[in-house]
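Analysis of the macromolecular model
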Amino acid sequence: MFKKVLLFLTAACIVTFMPDASGDTSAPARQQPAAASSDQTAAARTIFVAILNADTVTLEQLLDPEFVKMLQAEGLTKHDFLWRCKIVPGKMSKQMQLPPEDTVKFALALYDGNAQVIWDLMQEDEKKALIEKYGNTENAMKIVAQHLPEEKNAIAGELQKNMVLRNGRWYFAPDKPQDVIRKIKDFKNTVARQSSKEETAESFFRAVADGNIYLFWQLCSPENKQMSIAATGSESKALEELAANLIADDDVKAALENPEQKKLLLQHAVQTADRNEAWVHIDGKWYLDFRAFAKQSK
């Protein structure tokens, strides 16, 4: 019943990085960063909640020190890894077709075994189908409740694969750290092509297709970058905020793989940027002033 949702939660919360056990399944308020716990069950839930809420502060506190050393040895930082959690809420909301807040509630209810919250957030056609199959609402909810322990165990199992015990404390660490590091480096080493408007437009869509914040950042005008850094306090924080809004788009990826669709897509992008006076040309490279689009839309 929840197989599709479960598979997505696993992918979003764990593979994305390749990326208190009460009954309250409402979206928790942001709290002070948690310390690593000696209780694996409690630590797993804390990590799960932090991922769902894109809480990089807590995840940073729980990140495996040995994995941090591996990142540093490759010239990477904790933020190069942690920004990816910013992607999760948006991806989940889009996939599950629920508002972001409800998506978090649903995921936590699935993990905590709260059948009532699950039922309240299910699509009406799903409820109707279950009621028709099992006779009434009460029976349908019982079936939902029966599946929840299995779903929680599956999610917890995947979380625990991405945890490591150090000096009696459980930390968050990717199951295959070298693969994760290689993926991060591939993203960071992608160089934008910007010698023409068409090249910049294509680089832009490739950044959108892959959710590559580093490639997207290269295309931002210098003034855009300065403003983002001023607003967030640092380039790493600016990239982290960008990650929350740049979700890999499979439709764009498919369009880029179709020559005719790609041609139309790039033509439209160049014309739209022309119309909004969004191009910035510096030292032979074309950049995009994304503020220009916002100005024209007002």
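A few points on the structure. (Residues numbered from 1 in each chain as written. Predicted model: local features only at pLDDT ≥ 70, side-chain atom pairs only at ≥ 80, totals over all residues. Heavy atoms only, no water.)

**Structural notes on the environment of Phe290**
Rules: Secondary structure follows DSSP: runs of H or I at least 4 residues long count as helices, runs of E at least 2 residues long count as strands, and numbering of each begins at the N terminus. Burial status follows relative accessibility: with a 1.4 Å probe on protein chains alone, a residue under 20% of its type maximum counts as buried, one over 50% as exposed, and anything between as partly exposed. Here, two residues are considered to be in contact whenever any of their heavy atoms come within 4.5 Å of each other.
With respect to the helices, strands and loops of the structure, Phe290 is situated in helix H18 (residues 290–297). What makes Phe290 partly exposed here is its relative accessible area of 22%. Phe290 sits 70 residues away from Cys220 along the chain, and the two C-alpha atoms are 7.2 Å apart. What Phe290 contacts, discounting residues up to four positions off in sequence, is Phe204, Phe216, Cys220 and Asn224.

**Comments concerning the pattern of salt bridges**
Side chains bearing opposite charge may pair, as long as their charged atoms lie close to each other. For clarity, the threshold we go by: One speaks of a salt bridge when a side-chain nitrogen belonging to Lys or Arg is within 4 Å of a carboxyl oxygen belonging to Asp or Glu.
Using the criterion set out here, one finds 19 salt bridges in the structure. Of the charged contacts in the structure, one is a salt bridge between Arg166 and Asp64, with a shortest N-O distance of 2.9 Å. Placement of the pair is Arg166 in strand S1 (residues 163–166) and Asp64 in the loop between helix H3 (56–62) and helix H4 (65–73), with a sequence separation of 102 residues. For Asp64, a relative accessible area of 3% puts it in the buried group. Here Lys237 makes a salt bridge to Glu240, at a shortest N to O gap of 4.0 Å. Taken together, the positions of Lys237 and Glu240, both in helix H15 (residues 235–245) and 3 residues apart, correspond to about one turn of that helix. Relative accessible area serves as the criterion here: at 3%, Glu240 is assigned to the buried category. Shared partners join several salt bridges into a network, and the residues in it are Glu202, Arg206 and Lys262.

**Notes on the nonpolar core**
Our working rule: Only buried residues count toward a nonpolar core. Its members are Ala, Val, Leu, Ile, Met, Phe, Trp, Tyr and Cys residues joined through side-chain atoms within 4.5 Å.
Counting residues in each nonpolar core, the largest one holds 83 residues, and the members touching the most others are Ile47, Phe48, Leu59, Phe81, Ile118 and Ile213. When residues in this core are grouped by element, the largest group, 8 residues, is from helix H2 (residues 40–52).

**Notes on unusual backbone geometry**
One non-glycine residue, Asn167, adopts positive backbone phi at about 50°. Looking at where Asn167 falls in the secondary structure, it is placed in the loop between S1 and strand S2 (169–172). Given the relative accessible area of 82%, Asn167 is considered exposed. A positive phi angle, close to 55°, is found at Glu277, a residue other than glycine. Mapped onto the secondary structure, Glu277 falls in the loop between helix H17 (259–275) and strand S3 (279–282).

**Some remarks on the pairing of S3**
This is how it is decided: Here, any two strands with at least 2 DSSP bridges between them count as paired.
The pairing of S3 with strand S4 (residues 285–288) spans 4 bridges and is classified as antiparallel. When the bridges of S4 are listed, His281 appears paired with Trp286. The turn joining S3 and S4, which pair antiparallel and follow one another in sequence, is formed by 2 residues; a positive phi near 50° is taken by Asp283.

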